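Observations on chain architecture
For reference, the chains in residue letters:
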Amino acid sequence: MRPRFVNIRLITPAPSHSRKGNRVTALRWARLLRELGHGVTVELEYDRARPDVMVALHARRSHASMRRFRERYPSRPLILALTGTDLYSDIHTDADAQESLELADLYVVLQPAGIDELPERLRGKARVIYQSVTPPRGDVKPIGSAFEVAVIGHLRPVKDPFRTADASHLLPPESRIAITHVGGALSPDMEERALAETASNPRYRWLGELPRWRAMRVLARSRCLSLTSVSEGGANVVSEALACGTPVVSSRITGSSGLLGDDYAGYFPVGDTEALADMLRRVETDEAFVTGLREQCARRRGVVEPDRERESWAQLLAEFAA
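Rules used in this analysis
- Within any chain, residue numbers begin from 1 and follow the written order of that chain's sequence.
- Given that this is a predicted model, residues contribute local features only at a pLDDT of at least 70 and side-chain atom pairs are listed and counted only at 80 or more, while totals for whole chains, interfaces and linings are drawn from all residues.
- The side-chain values count all of the structure's non-hydrogen atoms but skip hydrogen atoms and water molecules.
- For helices the rule is a DSSP run of H or I covering at least 4 residues; for strands it is a run of E covering at least 2, with both sets numbered from the N terminus onward.
- Classification of residues uses two cut-offs on accessible area relative to the type maximum, computed with a 1.4 Å probe and protein chains only: under 20% is buried, over 50% is exposed, and between them is partly exposed.
- His is not counted, nor are the chain ends; Lys and Arg add positive charge and Asp and Glu add negative charge.
- Just to be clear on terms, a salt bridge is a Lys or Arg side-chain nitrogen sitting within 4 Å of an Asp or Glu carboxyl oxygen.
- Two strands are said to pair when DSSP picks up at least two bridges between them.
- Seen with its strands pointing away from the viewer, a crossover is right-handed when the path leading from the first strand over the helix to the second is clockwise.
- What makes two residues a contact is simply this: any of their non-hydrogen atoms within 4.5 Å.

Our focus in this paragraph is the side chain of lysine 125. Secondary-structure assignment places lysine 125 in the loop between β5 (106-109) and β6 (126-128). Of the side chains bearing the opposite charge, glutamate 102 lies closest to the buried lysine 125, which forms no salt bridge; the N-O distance is 5.6 Å.

Next comes the structure, spelled out in structure tokens:
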């Protein structure tokens, strides 16, 4: 019999108006947990409520909430969802993030390679829950006037957001590749550069931040997704691409290989503009190659099914039933 927790507090540092990945993840998890019969409240930080369980996203930024909860309820379940910033930065250097690891009973990571970033003595506390996606409804067809490549993600340094635009300058004149970039600029410098690139580069168009349903339709109609991040905990946009059937070209980072597999054929070295340009040109012109990418992505599509994510949460919470 599955346990029913009357009150689950889900703590995320992303505010209610945010379209960042942490907020998207928190709201999806809240919906799935309610479907399992639990009561869920999403908050920025823990106050004086009396939850049966806390789920906290982000080891460093949710540290104070985790500590208050643990001091008040030493024996109640505390689950820490580890972000990319946690795994590839904070837990190695930040004292608060490191204490959060000690406070938590279990961790959630978004792809299996993330477990390797944890101290070896703590890896047994990690559980993999792949992010699920429901693709857009209806038939979304590619635009006919160009070979559209999607870049989807907020403009911040860890995303290396202009790498695809840089690569487009190396494409031959006959290429029909056109880059559509969706994502909010998180600094004035990033916004200025995106606007300048749009004005000067006929292959590049920045749309800014869009509602998620519109961003998903851009992704679904595109011929491929270009992901250029320096690090990711498990990029939600890769899961979205798998659900949409859109092949992926990605920097070789564990946040992508944990989702796509080590043998995926669409990787290029981090920060390598020429290699990315070559990869994009191959996707455009080599039908056998892009068919192989689609087939590899199709084999991974099952990991992003909502039923799988819901069942993963049910199994995790069942560990506390005793």
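Turning next to the sheet that holds strand β12 (residues 267-268). Taken together, the six strands give an open sheet; going across it, the order is β9-β8-β7-β10-β11-β12, and neighbouring strands pair in parallel fashion. Both outer strands of the open sheet, β9 (204-208) and β12, are each paired with one neighbouring strand and no more.

This next bit is on the environment of leucine 259. In this fold, leucine 259 is placed in helix α9 (residues 254-260). For leucine 259, a relative accessible area of 1% gives the class buried. Remark: the alpha-carbon pair of leucine 259 and glutamate 120, spanning 139 residues in sequence, is separated by 22 Å.

This part takes up the pairing of strand β4 (residues 78-81). By the alternation rule, side chains of β4 split into Leu78 and Leu80 and Ile79 and Ala81, which are all buried. Once you follow strand β3 (residues 53-57) into helix α2 (residues 63-72) and on to β4, the crossover reads as right-handed. Sheet topology note: the β4/β5 ladder contains three bridges and is parallel. Bridge pairing in β5 places alanine 81 opposite valine 108.

Moving on, we come to the pattern of salt bridges. This structure, assessed with the given rule, holds 21 salt bridges. One salt bridge connects glutamate 43 with arginine 9, and the closest N-O pair in it is separated by 3.0 Å. You can see glutamate 43 sitting in strand β2 (residues 40-43) and its partner arginine 9 sitting in strand β1 (residues 8-11), a full 34 residues away along the chain. Of the two residues, glutamate 43 and arginine 9, neither departs from the other in class, the shared state being buried.

Moving on: the environment of leucine 103. Position of leucine 103 among the secondary structure elements: in helix α4 (residues 95-103). Its relative accessible area of 15% is what places leucine 103 among the buried residues. Along the sequence, leucine 103 and arginine 70 sit 33 residues apart, while their C-alpha atoms lie 7.0 Å from each other. Look past the residues within four positions of leucine 103 in its chain and what remains in contact with it is His63, Met66, Arg67, Arg70 and Leu78.

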